[in-house]
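Here's the letter readout for the chains.
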Amino acid sequence: MRVMVLVKATEDSERGNYADHADEFVAMGRYNEELVKAGIMLAADGLAPSAEGKRVVYDSAGGSRVIDGPFAEAKEIVGGFWIWQVSSLEEAVEWVKRAPFTSTSVELRRIHEAADFEGQLPQDIVDAEKQLRAQAGQQRDQ
Amino acid sequence: MADAAAKATVEAVWRIESARLIAGLARVVRDVGLAEDLAQDALVAALEQWPSSGVPANPGAWLTAVARRRYVDGVRRQASFERRIPEIARQLAEAEDPMADIEFGAPVEDDVLRLIFTACHPALSRDARVALTLKLVAGLSTEQIARAFLVSTPTMAARITRAKKALADARVPFEVPAGAELAARLASVLEVVYLIFNEGYSATSGESWTRAELCEEAMRLGRMLAALAPDEPEAHGLVALMEIQASRIPARTGRDGELITLLHQDRGRWNRLLITHGLAALGAAESLSGSEFSGPYVIQAALAACHARAPAAADTDWNRIVALYDVLLSLVPSPVIELNRAVAVSMAGGPAGGPAAGLAIVDALAGSPALRGYHLLPSVRGDLLDRLGRRAEARAEFERAAAMTANASERAHLLARAARAAAGG
């Protein structure tokens, strides 16, 4: 199964202040190397401060407005993520426990497989959704 | 319920730690079988203790400590037995601590690589190598491996025991081979990983989920190998090949479980994350070797990538595929690959391409003893004849192919094509 691990932003990551965290970067680099050597790492990235982000809020009529970052609470903001291929959610939890984090929390979510939607939604909706994802993916690959 | 959760946690820790644990022990005791027994003892102790005591802060170190104690106890028992023999007793009394020269350092990554090479040693049969690799390196239980290979647990347990004994009998050293031996031994490792992958990949839908899980295990093993031996293009090539092939698993079966061939698959169902990862692995292989033609796995991955990169079947670069098959054939001559090349030729444009050109190649292969009884030969021939409008001959070939395959959904597919050819399109 694939699991997405969501890591929260910190006040320093929100400020873009990485200079004081060289040791943590080294520790995280070592940890990432472990994940690669264990064969479970599919993707990993960190997100730029929410000051560079935007939120789009929709009203009940479907109208939208754009809110510029930064967003209020650092602990409510995703700061980075991993995607792992593991044999169970427990295995992902055990890996997360080995991560060099302090004073934060990390969220683990199983990634849906197409089979999760089959039978729940009309097939043409499922197919259309897949088609869109395919096109998006091809643009990315090129 | 709490016990079940604790057991799941122990299993999860085992999946993470077992290869390093066994490898680290094997370096000391110089016997992979004994190392595995000691590690299993530690696993049993964890299953007994962790549900009440909780998971220790450093579970890997805990397991290593328990396994080490078992080993030291075993050596001591042996020593005290021997002490009863008077002449040896005197020598032992003069000797230093018998444990002093045994060093248990932290397991190093090279140990895991040594473990992989040992489990895949050519002294073992293919079945034995596959079973031992899943057991020792992937950390699967004997029961899980048995289920995946559709044999009973005692049968698989016996196979693993025999394999461990064969390693000990052959005095296989616990090491990564060097020099000229490395290439041959690496080929054996890659073969085992790809066998595991294909065992899962060739399973038709509806079969137990553990078969599909084998593909994931093989990809994991391949990525481990590529990370531990990062200078080997073929290791990256194998990862790319498996990931790009696995990306198609969700699209290979239709709503009624029927088989869907590559060109008819809904590409929207392909797993884009695996494709992205696989193409990156292929890129790593190509930049290491300076070319895409360094070995059979890299070339096969490049072939798979031709399909992965095409937004629709009609966009496939068949000329490039033909060129890649030419290189593959120069490295690995095989009538099956020739047959695949014939299909690519039939799809390619230009003066040398088209169904008639493909048919000429297939006809030249018809007498090949290696293809006797191979249902894809008449199946491909039927398809080419059909495209050339020679429908009666096409129908006969499809029917011949249908009679040769053991796979029910493939037979249904071939008979449907025979009926369509008979109806004139």
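Residues numbered from 1 in each chain as written. Chains lettered and ligands numbered in written order. Predicted model: local features only at pLDDT ≥ 70, side-chain atom pairs only at ≥ 80, totals over all residues.

Turning our eyes to something else, we now look at the interface of chain B and chain A. Taken together, the contact pairs 28 residues of chain B with 24 residues of chain A. Those elements that place two or more of their residues in the side of chain B that touches chain A are α1 (2-29), α10 (209-228) and α12 (272-289) of chain B. For the side of chain B that touches chain A, the element with the most residues is α10 of chain B, which contributes seven residues. Residue composition of the side of chain B that touches chain A, grouped by class: 14 nonpolar, four polar and ten charged. (Contact = placed C-beta atoms within 7 Å. Helix = DSSP H or I, 4+ residues; strand = E, 2+ residues; numbered from the N terminus. Nonpolar A, V, L, I, M, F, W, Y, C, P; charged D, E, K, R; others polar.)

Our next topic: unusual backbone geometry. Residue Pro-70 of chain A is reached from Gly-69 of chain A by a cis peptide bond, and omega for that bond is 0 degrees. Inspection of the secondary structure puts Pro-70 of chain A in the loop between β4 (64-68) and β5 (78-85). Non-glycine residue Leu-150 of chain B carries a positive phi angle of around 55 degrees. Counting through the fold element by element, Leu-150 of chain B comes out in the loop between α7 (142-148) and α8 (153-169).

Residues and elements named next belong to chain A. Taken together, the four strands give an open sheet; going across it, the order is β2-β5-β1-β6, and neighbouring strands pair in antiparallel fashion. Looking along the sheet, the strands with just one partner apiece sit at the ends: β2 (41-46) and β6 (106-110). Averaged over all pairs of adjacent strands, the angle between their axes in this sheet comes to 15 degrees, without regard to strand direction. Relative to β5, strand β1 (residues 2-8) runs antiparallel, the two sharing seven bridges. Along β5, the bridge assignment pairs Lys-8 with Val-78. (Pairing = 2+ DSSP bridges. Axes fitted to C-alpha atoms, helices over the stretch in contact; angles between N-to-C directions.)

Another aspect to go through is the nonpolar core. Membership of the largest hydrophobic core comes to 128 residues, with the highest contact counts inside it found for Trp-84 of chain A together with Ile-22, Leu-115, Ile-116, Val-193 and Ala-301 of chain B. In terms of residues, this core owes the most to one element, α1 of chain B, which gives twelve residues. Trp-84 of chain A has contacts with Arg-2, Val-3, Val-5, Ile-40, Met-41, Leu-42, Ala-92 and Trp-95 of chain A, leaving out every residue within four places of it along the chain. (Core = buried A, V, L, I, M, F, W, Y, C linked by C-beta atoms within 7 Å. Buried ≥ 20, exposed ≤ 12 C-beta atoms within 10 Å, placed from the backbone.)

Another aspect to go through is the environment of Gly-354 of chain B. Residue and element names in this part refer to chain B. Checked against the element boundaries, Gly-354 lands in the loop between α15 (335-347) and α16 (355-365). Here Gly-354 falls in the partly exposed class, since 17 other C-beta atoms lie within 10 Å of it. The spatial distance from the C-alpha of Gly-354 to the C-alpha of Arg-387 is 9.6 Å, given a sequence separation of 33 residues.

Residue and element names in this part refer to chain B. When you line up the elements, Val-193 lands in helix α9 (residues 180-201). A residue is classified by how many C-beta atoms lie within 10 Å of it, and Val-193, with 30 of them, is buried. Sequence-wise, Val-193 and Ala-138 are 55 residues apart; in three dimensions their C-alpha atoms are separated by 11 Å. Excluding its chain neighbours within four sequence positions, the residues that come into contact with Val-193 are Ala-218, Leu-221, Gly-222, Leu-225 and Leu-238.

Geometric values such as these leave the question of function open.
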